[in-house]
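Chain by chain, the residues run as shown.
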Amino acid sequence: RVEERGRNNFKVISPLGSIESFKSFSLGRDLIKALENNEMVLYYQPRVDTNTGKIMSAEALIRWEHPEWGLVSPAEFLPLAEENGLMIQIDDWVLKEVCNQMKKWKEEILWTVPISINISAAHFLKQDWLDTIEETIQEAGISPCDLEFEITESSFLNNEEIVKNTIYSLREMGINISLDDFGKGYSSLSSLAQFPFDVIKIDKSFIQNMLISKQNFFIAKSIIHLAKDLHIKVVAEGVETLEHLKVLRNEECYQIQGYLFSRPVPVKEFELLLQKKILKPDDPKMKDKQSQ
Ligand code: C2E
Ligand code: MG
Ligand code: MG
Ligand code: MG
């Protein structure tokens, strides 16, 4: 075992390096220019009503169209952005992009839905952030009620007072606040008592494991019922199969997001989904069964 570990370590520090470390090095190097060069794009993933499939809102999710590496996922480049102090710049770009997109939809009189944006922890500590938001929203002429900010509990760490004040100010402006990835990492029930959330998003790990593990099912179920008692909307993430859907319907989970209804898609494709308004579940497992 020790030998194996030794071998792995050797791999990482070998002079040639691994493809992974080379990729991450080159991504980190290119990141600063990527924003200027318009290489970032937003994909949109609908959040649907559990019973009807109607699109209720959508989450904007960033991707990087790298000239050499192709489409790079946020899991790969956001940690590098964080290391390089670029998260605020990225979040500001996302907010602007979403506001402009919503303005365009309004002008084209396309039926639209509220859009949610992931906000990184760094932003909550920035003094003039609220002014920036207000300006961006006003310039685009959209309603703050059509925006939702998703934050994770890691944002509160060591900064509870500042974050709480910011959340209150955002809600006063009319922006909805959701607690993302609930149950994962540093979760604490006390944050539900302290912070005024509009929405709780159950972390996808509980949904994805709830059919194979009773523990995960009971946790998902408890979060749904807890949210209901607290009068907070609840959304399940990572819903991939009809079985997941059935269980969540049974527990009266308000809304869901997941590959079963749609993956995150580019804006043109999302506009086609908006035209449909109501989505049908598309379970890959069922297709396999049908074609057998
Ligand atoms: P998140 O905010 O929890 O977003 C949900 C993630 O789950 C997305 O991954 C989405 O593609 C994925 N997902 C949705 N449905 C399913 C499903 O049914 N199965 C599975 N396996 N996955 C599903 P994505 O787009 O790779 O984003 C990963 C994370 O990166 C996000 O997690 C969020 O924390 C962060 N992120 C993405 N875009 C942005 C952004 O614009 N700004 C900031 N600050 N963070 C972002
Ligand atoms: Mg999110
Ligand atoms: Mg997240
Ligand atoms: Mg999440």
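Cut-offs and rules
Residues numbered from 1 in each chain as written. Chains lettered and ligands numbered in written order. Predicted model: local features only at pLDDT ≥ 70, side-chain atom pairs only at ≥ 80, totals over all residues. Heavy atoms only, no water. Buried < 20%, exposed > 50% of the residue type's maximum accessible area, 1.4 Å probe, protein only. Helix = DSSP H or I, 4+ residues; strand = E, 2+ residues; numbered from the N terminus. Arc of directions from axis to C-beta. Contact = heavy atoms within 4.5 Å. Core = buried A, V, L, I, M, F, W, Y, C linked by side-chain atoms within 4.5 Å. 1 Å grid on protein atoms, 1.4 Å probe; cavity = no way out; pocket = protein on both sides within 12 Å on 5 of 7 lines; lining within 4 Å. Points joined across faces, edges and corners; volume = space filled by probe spheres on them. Nonpolar A, V, L, I, M, F, W, Y, C, P; charged D, E, K, R; others polar. Near = heavy atom within 4 Å. Polar contact = N/O pair within 3.5 Å; in protein donor to acceptor, adjacent residues only side chain to side chain. Sits in = over half its atoms within 2 Å of the grid points. pLDDT = per-residue confidence, 0-100. Donors = N, O, S within 2.8 Å, 3.2 Å for Na, K, Ca; no water. Axes fitted to C-alpha atoms, helices over the stretch in contact; angles between N-to-C directions. Parallel < 35°, antiparallel > 145°, perpendicular 65-115°, else oblique. Left-handed = near helix turned anticlockwise from the far one by under 90°.

As recorded in an unreviewed UniProt entry, the protein chain goes by EAL domain-containing protein and comes from Lederbergia citrea.

Listed in full, the buried residues belonging to helix α3 (residues 74–83) are Phe 77, Leu 80 and Ala 81. Seen along its axis, α3 keeps its buried residues to an arc of 105°; they face one direction. Across α3 from its buried face, at more than 90 degrees, point the exposed residues Ala 75, Glu 82 and Glu 83. Of the surrounding secondary structure, the elements contacted by the buried residues of α3 are α2 (19–36), β1 (40–49), β2 (55–66), β3 (70–72) and α4 (87–107). Gly 85 sits one or two residues past α3 and shows a positive phi near 65°.

Counting 77 residues, the largest nonpolar core has Val 98, Leu 147 and Phe 149 as its most contacted members. Counting residues per element, this core draws most heavily on α4, at 9 residues. Sequence-distant contacts of Val 98, that is, excluding residues within four places in its chain, are made with Leu 42, Tyr 44, Ala 60, Ile 115, Ile 117 and Leu 147.

So, on to the layout of surface pockets. What the largest pocket holds in volume is close to 1200 Å³. Considering the residues around the largest pocket, the lining is formed by 40 residues, among which Leu 61, Pro 74, Leu 78, Asn 118 and Asp 181 are closest to the centre. Going through the elements one at a time, β2, α3, α4, β5 (147–151), β6 (176–182) and α8 (204–209) are the ones with two or more residues in the lining of the largest pocket. Taken together, the residues that form the lining of the largest pocket break down as 17 nonpolar, 12 polar and 11 charged. In this structure, the second largest pocket encloses a volume near 200 Å³. Lining the second largest pocket are 15 residues, with Arg 47, Ser 57, Pro 114, Glu 148 and Lys 233 sitting closest to its centre.

Near ligand 1 you find 24 residues, and of these Arg 63, Asn 118, Asp 180, Glu 240 and Tyr 259 are the closest. Within the side chain of Asn 118, an N or O atom sits 2.8 Å from an oxygen atom of ligand 1. Within the contact set of ligand 1, an oxygen atom lies 3.1 Å away from a side-chain nitrogen or oxygen of Lys 204. The cavity where ligand 1 resides is the largest pocket. Mapped onto the shell around ligand 1, the elements with two or more residues apiece are β2, α3, α4, β6 and α8. Tallying contributions element by element places β2 first for the shell around ligand 1, with 4 residues.

Of the residues in the protein chain, 92% have a pLDDT of 70 or more, and the chain-wide mean is 90. Counting interchain partners and residues more than four positions distant, the pLDDT-below-50 stretch residues 1–14 has 0 contacts.

Glancing now at the side chain of Lys 201. In this fold, Lys 201 is placed in strand β7 (residues 199–202). Look at Lys 201 and you get buried, because its relative accessible area is 0%. Among the polar contacts made by the side chain of Lys 201, one reaches the side chain of Glu 59 at a distance of 3.0 Å. Among all residues touching Lys 201, those that are not within four sequence positions of it are Arg 47, Glu 59, Glu 150, Ser 178, Leu 179, Asp 180, Asp 181, Phe 182, Val 235, Glu 237 and Gln 257.

With that settled, the discussion passes to helix α11 (residues 267–276). Residues Phe 270, Glu 271, Leu 273 and Leu 274 constitute the buried set of α11. Buried residues of α11, seen end-on, are gathered within an arc of 160° and therefore sit on one face of the element. Exposed side of α11, more than 90 degrees from the buried face: Lys 268, Leu 272, Gln 275 and Lys 276 are the residues found there. In this structure, the buried side of α11 is in contact with β1, β2, α4 and β10 (265–266). A positive backbone phi angle near 70° is found at Lys 277, which sits one or two residues after α11.

Turning next to the coordination of the magnesium ion (ligand 2). Those donors, Glu 59 (OE), Asn 118 (OD1), Glu 150 (OE) and Asp 180 (OD), are the protein atoms that reach the magnesium ion (ligand 2), and they lie 1.9 to 2.2 Å from it. Taken as a pair, the magnesium ion (ligand 2) and the magnesium ion (ligand 3) show a spacing of 4.4 Å. In this pair, Asn 118 sits in strand β4 (residues 115–118) while Asp 180 sits in strand β6, placing the two residues 62 residues apart along the sequence.

Taken N-terminus to C-terminus, the directions of helix α5 (residues 129–140) and helix α6 (residues 160–173) make an angle of 20°; their axes are 11 Å apart at the nearest point. Compared by their axis directions, α5 and α6 come out roughly parallel. Here the hand of the crossing between α5 and α6 comes out right-handed. Residues Trp 129, Leu 130, Ile 133, Glu 134 and Ile 137 of α5 lie in contact with α6, whose contacting residues are Thr 166, Ser 169, Leu 170 and Met 173. When its residues are assigned to classes, the contact of α5 with α6 shows 6 nonpolar, 2 polar and 1 charged.

This part covers the side chain of Ser 191. The residue Ser 191 is located in helix α7 (residues 190–194) in this model. Taking relative accessible area as the criterion, Ser 191 reaches 4% and is therefore assigned buried. Of the polar contacts made by the side chain of Ser 191, one reaches the backbone oxygen of Ser 188; its length is 2.8 Å. Dropping the residues within four chain positions of it, Ser 191 is found in contact with Glu 153, Phe 156, Leu 179 and Phe 197.

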